[in-house]
Amino acid sequence: MSIVKGLHAKLIAEQVKAVMNKKGYVFFERGIFNVNIVGIRSKEKKSNKFDDTMLLIYKNKKREWEVHSAVITTDPGEKYLVHPMNKKGTAILVPNQYRGVYKLDTHARHNAKFAHEALCQRGGKLKVWRDGNKDKVLDHDPETLDEGWFGINIHRSKLGTAEYVGSYSAGCQVFKNGTDYRLFLDVVKRSASIHGNSFSYTLLEEKDFED
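Residues numbered from 1 in each chain as written. Predicted model: local features only at pLDDT ≥ 70, side-chain atom pairs only at ≥ 80, totals over all residues. Heavy atoms only, no water.

Peer 1: Just checking my understanding: could you explain the side chain of Thr 202 for this structure?
Peer 2: Note that Thr 202 resides in strand β12 (residues 199–205). Among all residues touching Thr 202, those that are not within four sequence positions of it are Met 20, Tyr 25, Ile 37, Val 38, Gly 39, Asn 96 and Gln 97. (Helix = DSSP H or I, 4+ residues; strand = E, 2+ residues; numbered from the N terminus. Contact = heavy atoms within 4.5 Å.)

What follows is the structure in structure tokens.
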């Protein structure tokens, strides 16, 4: 995980804030550790790669901007694209701001070997596209839009570093590296201790920063 402080962090925060304001989203900047959790999806439509970015943007205890950046996937892996868990097709999260949807809880609680603390969909519905043609290409078809409680969480892959997405995501937002994820959780927990256990997640796209 890359951690940026000082002027560089402030410039990143201002850039992300400008993009979010343009879309009518809320950018959190009141108080310390009031975290902006922002995923940025790459243009790449080929599946099974960790080729997206997670930004954690907040003011630290000195009230200075700090930005954490990690490699993630915002897309499902090939296993679930080829073998969907839902008859409508595999879920791909639609870019949007999901206010107060996430809480610290246990991901995969029924799987003793993989269960771990994560940000889980507990506070509201999410919008997804359904990719049901069972190929390995990520399809963003507006006609397949689905909204509901799908258990699309923000969690880790393995404790070390995963090479491919594989079975780690059926639509969840998943960290490539376990250490990056632990650092992410440390800040999220600090935020929860101050602002409560309710978090918003904003999913942007690479193209949003090119206008």
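Peer 1: Honestly, the pattern of salt bridges in this entry has me stumped. Any pointers?
Peer 2: Oppositely charged side chains are able to pair whenever their charged atoms sit close together. One pass over the full model with this rule turns up eleven salt bridges. The shortest N-O distance in the salt bridge between Arg 41 and Asp 75 comes to 3.0 Å. Taken together, the residues Arg 41 in strand β2 (residues 36–41) and Asp 75 in the loop between β4 (65–73) and α2 (78–82) connect sequence positions 34 residues apart. No difference in accessibility class separates Arg 41 from Asp 75, as the two residues are buried. For Glu 117, the salt bridge goes to Lys 189, with nearest N and O atoms at 2.8 Å. (Salt bridge = Lys/Arg side-chain N within 4 Å of Asp/Glu carboxyl O. Buried < 20%, exposed > 50% of the residue type's maximum accessible area, 1.4 Å probe, protein only.)

Peer 1: How should the sheet that holds strand β9 (residues 146–148) be read in this particular structure?
Peer 2: Within a sheet, each strand pairs with its neighbour through backbone hydrogen bonds, oriented either parallel or antiparallel. Sheet architecture is open: three strands sit in the order β5-β8-β9, paired in antiparallel fashion. Among the strands making up the open sheet, the edge pair consists of β5 (90–93) and β9. Neighbour-to-neighbour, the strand axes of the sheet open up by a mean angle of 45°, direction not taken into account. Taken together, the four bridges between β5 and strand β8 (residues 126–131) define a ladder with antiparallel strand orientation. Each residue of the ladder has a partner; that of Ile 92, found in β8, is Trp 129. (Pairing = 2+ DSSP bridges. Axes fitted to C-alpha atoms, helices over the stretch in contact; angles between N-to-C directions.)

Peer 1: Please clarify how the pairing of β4 should be interpreted in this entry.
Peer 2: The side chains of a regular strand alternate, first on one face of the sheet and then on the other. By the criterion of burial, β4 is predominantly enclosed, with seven of the nine residues buried. Across four bridges, strand β1 (residues 2–5) lies against β4 in antiparallel orientation. Along β4, the bridge assignment pairs Lys 5 with Glu 66. Where strand β3 (residues 52–59) meets β4, eight bridges bridge the pair, whose relative direction is antiparallel. Opposite Ile 57, over in β4, you have Val 67 as the bridge partner.

Peer 1: In this structure, what is going on with unusual backbone geometry? I would like to understand it.
Peer 2: Working note: non-glycine residues mostly have negative phi, and peptide bonds are mostly trans. If you check the backbone angles, Phe 33 has positive phi at about 55° while not being a glycine. Within the fold, Phe 33 resides in the loop between α1 (6–22) and β2. For Ala 108, which is not glycine, the phi torsion reads 55° and is therefore positive. Relative to the helices and strands, Ala 108 resides in the loop between β6 (97–107) and β7 (116–121). Here Ala 108 falls in the partly exposed class, since its relative accessible area comes to 25%.

Peer 1: In this structure, what is going on with helix α3 (residues 178–195)? I would like to understand it.
Peer 2: Side chains that are three or four residues apart share a direction in an α-helix, a result of its 3.6 residues per turn. For α3, which comprises 18 residues, the first-to-last C-alpha distance of 25 Å matches the rise-based estimate of 26 Å (1.5 Å per residue) to within 8%. Those residues of α3 that sit buried are Gly 178, Asp 180, Tyr 181, Phe 184, Leu 185, Val 187, Val 188, Ser 191 and Ala 192. Where α3 begins, the capping side chain belongs to Asn 177, and its oxygen is found 2.9 Å from the backbone nitrogen of Thr 179. One or two positions beyond α3, positive phi appears at Gly 196, with a value near 100°. (Expected span 1.5 Å × (residues − 1). Polar contact = N/O pair within 3.5 Å; in protein donor to acceptor, adjacent residues only side chain to side chain.)

Peer 1: Any chance you could explain the layout of surface pockets here in plain terms?
Peer 2: Any empty space left between the atoms is revealed when a probe the size of a water molecule rolls over them. Of the volumes computed, that of the largest pocket is approximately 490 Å³. Lining the largest pocket are 21 residues, with Tyr 80, Met 85, Gly 151, Ala 170 and Cys 172 sitting closest to its centre. Each pocket or cavity is described by its volume, and for the second largest pocket that value is around 190 Å³. If you trace the second largest pocket, you find it lined by Phe 28, Asn 34, Val 35, Arg 99, Gly 100, Ser 191, His 195, Ser 198, Phe 199 and Ser 200. For the lining of the second largest pocket, the elements supplying multiple residues, two or more each, are β6, α3 and β12. Partitioned by chemical class, the residues of the lining of the second largest pocket number three nonpolar, six polar and one charged. (1 Å grid on protein atoms, 1.4 Å probe; cavity = no way out; pocket = protein on both sides within 12 Å on 5 of 7 lines; lining within 4 Å. Points joined across faces, edges and corners; volume = space filled by probe spheres on them. Nonpolar A, V, L, I, M, F, W, Y, C, P; charged D, E, K, R; others polar.)

Interpretation note: all reported values are geometric properties and have no functional meaning in isolation.
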